[in-house]
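Analysis of the macromolecular model
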Amino acid sequence: MNDLLWIFVSALLINNFVLAYFLGLCPFLGVSQRLDTAFRLGLANIFVMLITALCAWFLNTYILPHAPYLRLISFIVVIASTVQFIEMVIRKLSPALFRALGIFLPLITTNCAILALALFQTSREYTLVQGLAFALGAGAGFTIALVLMAALRETAELSRVPAIVKGVALNMIIAGLLSLAFMGFAGLFSPA
């Protein structure tokens, strides 16, 4: 159980895909303008990461030992089909959210954080439960990064900010400070 907690906390805070590995920066900077949109995209990412972890474990355990050259393409097919399914569900259940997410919803398919999740999981030889804990921690960490960035950007819009710093420059400063803050978690928790 302690091992699962370590995997989860490590992916959530210490080795956050966005703020420590700098993976998934496209949705991090592109969708983090509004808090509600960022949170919902984060939930979609968690779902895709969990399904990807489940499928990656299955593929790596039963199929890829006999055909390792199919590893990358099989992971991409799993991710693309999962994202396509989520896109259809969101379009049906919440057309407003579908329009708000715009191009960033299909871009989950090319989100390097999700592909990295499958590759990290298989290279670390996680069991099914460990892989799901890793995916949940990575997805929750991705969501936390999106929500924090969106909250800070919304606050910055209401604040008096010098004109020279507004826009992209301020977003990069906020992202850098968030990254530095998350790197502070590295010494707080260690596996037993």
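Computed from a prediction, not measured in an experiment: that's the story for all the values here.

1. Notes on empty space enclosed by the protein
- Under the counting rule described, the total for this entry stands at one cavity of 30 Å³ or more.
- Of the pockets and cavities examined, the largest cavity occupies roughly 40 Å³.
- Taken together, the residues that form the lining of the largest cavity break down as five nonpolar, two polar and no charged.

2. Section: the confidence of the model for the chain
- Residues of the chain with pLDDT of at least 70 account for 96%, and the chain-wide mean is 87.
- Of all secondary-structure elements in the chain, the lowest mean pLDDT belongs to helix α5 (residues 95-101), at 81, while helix α7 (residues 128-158) reaches the highest, 94.

3. Considering the side chain of Q121
- Relative to the assigned elements, Q121 resides in helix α6 (residues 112-123).
- A polar contact is formed between the side chain of Q121 and the backbone oxygen of A53, at a distance of 3.0 Å.
- With near-sequence residues (within four places) excluded, Q121 lies in contact with A53, A56, W57, Y126, G131 and F134.

4. Overview of the packing of aromatic side chains
- One pass over the structure, following the stated rule, counts eight aromatic pairs.
- Here W57 and Y62 contribute two aromatic rings whose centre-to-centre distance is 5.9 Å and whose plane-to-plane angle is 90 degrees, an arrangement assigned as edge-to-face.
- A connected cluster of aromatic rings, assembled from ring pairs, spans F17, Y21, F120, Y126 and F134.

5. Considering the layout of surface pockets
- Here the largest pocket is characterised by a volume of approximately 170 Å³.
- Around the largest pocket, the lining residues are Q33, R153, A156, E157, V161, K166, G167, L170 and N171.
- Contributing elements (two or more residues each) for the lining of the largest pocket: α7 and α8 (168-183).
- Looking at the lining of the largest pocket residue by residue, the class counts come to three nonpolar, three polar and three charged.

6. Topic: the environment of L54
- With respect to the element layout, L54 can be found in helix α3 (residues 35-63).
- With a relative accessible area of 39%, L54 lands in the partly exposed category.
- Residues L54 and A186, spaced 132 residues apart in sequence, show a C-alpha to C-alpha distance of 27 Å.

7. Concerning a nonpolar patch on the surface
- Residues F22, L25, I173, L177, L180 and M183 make up a contiguous nonpolar surface patch of roughly 580 Å² in combined accessible area.
- The element best represented in the nonpolar patch is α8, accounting for four residues.
- Mapped onto the secondary structure, L25 falls in helix α2 (residues 25-30).

8. A look at the pattern of salt bridges
- Taken as a whole and assessed by the stated rule, the structure comprises two salt bridges.
- With its nearest N and O atoms 3.2 Å apart, the salt bridge here joins R34 to D36.
- The partner of E87 in a salt bridge is R91, and the shortest N-O contact between them spans 3.6 Å. Taken together, the residues E87 and R91, both in helix α4 (residues 71-93) and four residues apart, mark about one turn of the helix.

9. Some remarks on the nonpolar core
- The biggest cluster of nonpolar side chains holds 44 residues, and the ones touching the most others in it are F17, F28, M49, I108 and L117.
- Those elements that provide at least two residues to this core are α1 (2-14), α3, α4, α5, α6, α7 and α8.
- At ten residues, the largest contribution of residues to this core is made by α7.
- Dropping the residues within four chain positions of it, F28 is found in contact with V18, L19, A145, L146, M149, A175 and L178.
- Counting residues in hydrophobic clusters, the runner-up holds six residues, among them A56, L64, V78 and A118.

10. Brief notes about the packing of α3 against α6
- The geometry of α3 relative to α6 is characterised by a closest axis approach of 9 Å and an angle of 35 degrees between their N-to-C directions. As α3 runs across α6, the sense of the crossing is right-handed. Of the residues in α6, those in contact with N45, V48, M49, T52, A53, A56, W57 and N60 of α3 are A113, I114, L117, A118, Q121 and T122.
- Looking at the contact of α3 with α6 residue by residue, the class counts come to nine nonpolar, five polar and no charged.

Cut-offs and rules
All chains use their own residue numbering, which begins from 1 and follows the written sequence. In view of the model being predicted, local features appear only for residues whose pLDDT reaches at least 70, and side-chain atom pairs are presented and counted only at 80 or more, with totals across whole chains, interfaces and linings using the full set of residues. With hydrogens and water stripped out, all remaining heavy atoms of the structure feed into the side-chain values. Both cavities and pockets are sets of points on a 1 Å grid over the protein atoms alone; in a cavity a 1.4 Å probe fits but cannot get out, in a pocket the set is open with protein on both sides within 12 Å along at least five of seven lines, and lining residues sit with an atom within 4 Å of a point. Grid points are joined across faces, edges and corners, and a volume is the space filled by probe spheres set on the points. Polarity classes work like this: nonpolar for Ala, Val, Leu, Ile, Met, Phe, Trp, Tyr, Cys and Pro, charged for Asp, Glu, Lys and Arg, and polar for all others, with Gly in that last group. The pLDDT value expresses, per residue, how confident the predictor is, ranging between 0 and 100. Runs of E in the DSSP output that reach at least two residues are strands. Runs of H or I that reach at least four are helices, and both are numbered from the N terminus. Polar contacts, as used here, are pairs of N or O atoms within 3.5 Å; protein pairs need one atom able to donate a hydrogen and one able to accept it. Residues neighboring in sequence count only if both atoms are side-chain atoms. Two residues qualify as a contact provided that any one of their heavy atoms is within 4.5 Å of a heavy atom in the partner residue. When two rings of Phe, Tyr or Trp (its six-membered ring) have centres within 6.5 Å they constitute a pair, described as stacked for plane angles under 30 degrees, edge-to-face for angles over 60, and tilted for the intermediate range. For each residue, the accessible area found with a 1.4 Å probe, counting protein chains only, is set against the maximum for its type, and the residue is called buried under 20%, exposed over 50%, and partly exposed in between. Patch rule: a residue counts if its relative accessible area is over 30% and it has no salt bridge; like charges are joined within 9 Å, and nonpolar side chains (Val, Leu, Ile, Met, Phe, Trp, Tyr) within 5 Å. In short, Shrake-Rupley with a 1.4 Å probe defines the accessible areas, and a residue's cover is counted only from the protein chains shown. Definition used for salt bridges: Asp or Glu carboxyl oxygen within 4 Å of a side-chain nitrogen of Lys or Arg. The term nonpolar core refers to a set of buried residues drawn from Ala, Val, Leu, Ile, Met, Phe, Trp, Tyr and Cys, joined through side-chain atoms within 4.5 Å. Axis definition: a line fit to C-alpha positions, over the contact stretch in the case of helices; interaxial angles, taken between N-to-C directions, run 0 to 180 degrees. By convention, the crossing between two helices is left-handed when the near helix turns anticlockwise from the far helix through less than a right angle, and right-handed when the turn is clockwise.

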